[in-house]
Amino acid sequence: DDIFKKEAKVINWDWRLLAAMAYHESRFDTTVVSWMGARGIMQLMPKTAEIFGLGMDSIAMTEPNVRAAVQSLLVIENSLISVEDREEKLKFTIAAYNSGLGHVFDAIAIAKKYNKNPQIWYNEVERNCNL
């Protein structure tokens, strides 16, 4: 809990949401490797981990893994400047963490094309994002 509490402050999230993401991603198992190659408690892809200074030797270590995930979430959140509402931006950020920012941007573009609200995740944009 202490790691999540500390790192959640960086992104100004409730630490329990961050912990819930870790549980969903790995069931808190730091040794898990997904079929796509994501690793550690927050299931970071090796390339993402590398971008945030985390090598293969430390990707499975809890604190560095959570720290790199939070940095990734911060970049994603800051990239979603078109989403103004904080609660909605949180939904878009979590979706992008799981499916990739490009997929979320594509889903936003499709929502706009079909006159859906590109600012609302559920029943508007998420229908266009294959998660």
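Before reading further, recall that the structure is shown in the block above.
These notes cover the structure that comes with them.

How each quantity is defined
- Residues numbered from 1 in each chain as written.
- Predicted model: local features only at pLDDT ≥ 70, side-chain atom pairs only at ≥ 80, totals over all residues.
- Heavy atoms only, no water.
- Helix = DSSP H or I, 4+ residues; strand = E, 2+ residues; numbered from the N terminus.
- Rg over C-alpha atoms; globule rule 2.2 N^0.38 Å.
- Buried < 20%, exposed > 50% of the residue type's maximum accessible area, 1.4 Å probe, protein only.
- Contact = heavy atoms within 4.5 Å.
- Areas by Shrake-Rupley, 256 points an atom, 1.4 Å probe, with all protein chains shown as cover.
- Lys, Arg positive; Asp, Glu negative; His and termini not counted.
- Charge placed at Lys NZ, Arg CZ, Asp CG, Glu CD.
- Expected span 1.5 Å × (residues − 1).
- Arc of directions from axis to C-beta.
- Core = buried A, V, L, I, M, F, W, Y, C linked by side-chain atoms within 4.5 Å.
- 1 Å grid on protein atoms, 1.4 Å probe; cavity = no way out; pocket = protein on both sides within 12 Å on 5 of 7 lines; lining within 4 Å.
- Points joined across faces, edges and corners; volume = space filled by probe spheres on them.

Describing the overall build of the chain
Okay, so step 1: For the chain, the count of helices and strands is seven helices and zero strands.
Okay, so step 2: Relative to the compact-globule value of 14 Å for 131 residues, the chain shows a C-alpha radius of gyration of 15 Å, a close match.
Okay, so step 3: Its C-alpha atoms give the chain principal-axis dimensions of roughly 45 × 30 × 25 Å.
Okay, so step 4: Within the span of the chain, comprising 131 residues, buried residues form 39% of the whole.
Okay, so step 5: Contacts spanning at least 24 positions in sequence make up 44% of the contacts within the chain whose residues lie at least 6 apart.
Okay, so step 6: Summed over its atoms, the accessible surface of the chain is roughly 7,600 Å², and 52% of this surface lies on carbon and sulfur atoms.
Okay, so step 7: Across the chain, the mean location of the 15 positive side-chain charges is 3 Å away from that of the 17 negative side-chain charges.

Some remarks on helix 6 (residues 101-113)
Okay, so step 1: Look at helix 6: 18 Å from first C-alpha to last across 13 residues, which is about the 18 Å you get at 1.5 Å a residue.
Okay, so step 2: Within the span of helix 6, buried status applies to Val104, Ala107, Ile108 and Ala111. Viewed end-on, helix 6 has its buried residues packed into an arc of 100°, placing them on one side of the element.
Okay, so step 3: If you follow the buried residues of helix 6, they end up packed against helix 5 (86-99) and helix 7 (121-125).
Okay, so step 4: Downstream of helix 6 by one or two residues, asparagine 115 has phi in the positive range, about 55°.

A look at the environment of leucine 74
Okay, so step 1: Residue position: leucine 74 is located in helix 4 (residues 62-79).
Okay, so step 2: In this structure, the C-alpha to C-alpha distance between leucine 74 and isoleucine 11, residues 63 residues apart in sequence, is 6.1 Å.
Okay, so step 3: Once residues lying within four places of it in the same chain are set aside, the contact partners of leucine 74 are Val10 and Ile11.

Here's the deal with the nonpolar core
Okay, so step 1: Counting residues in each nonpolar core, the largest one holds 34 residues, and the members touching the most others are Phe4, Leu18, Met42, Leu44, Phe92, Tyr97 and Val104.
Okay, so step 2: At the level of secondary structure, the elements contributing two or more residues to this core comprise helix 1 (2-11), helix 2 (15-26), helix 4, helix 5, helix 6 and helix 7.
Okay, so step 3: Element by element, the count of residues in this core is highest for helix 4, at six residues.
Okay, so step 4: Those residues in contact with leucine 44 that sit more than four places away from it in its chain are Gly37, Ala38, Arg39, Ala49, Leu54, Ile59, Asn65, Ala68, Ala69 and Tyr97.

So, the layout of surface pockets
Okay, so step 1: Of the voids in this model, the largest pocket is the one considered here, and its volume is about 540 Å³.
Okay, so step 2: In this structure, the largest pocket is lined by 20 residues; those nearest its centre are Gln43, Met45, Thr48, Tyr97 and Asn98.
Okay, so step 3: Elements represented by at least two residues in the lining of the largest pocket include exactly helix 3 (46-51), helix 4 and helix 5.
Okay, so step 4: It is helix 5 that contributes the most residues to the lining of the largest pocket, four residues altogether.

Things to note about the environment of valine 75
Okay, so step 1: Here valine 75 lies in helix 4.
Okay, so step 2: Valine 75 sits in the partly exposed class, given a relative accessible area of 44%.
Okay, so step 3: Spatially, the C-alpha atom of valine 75 lies 9.8 Å from that of isoleucine 11, the residues being 64 residues apart in sequence.

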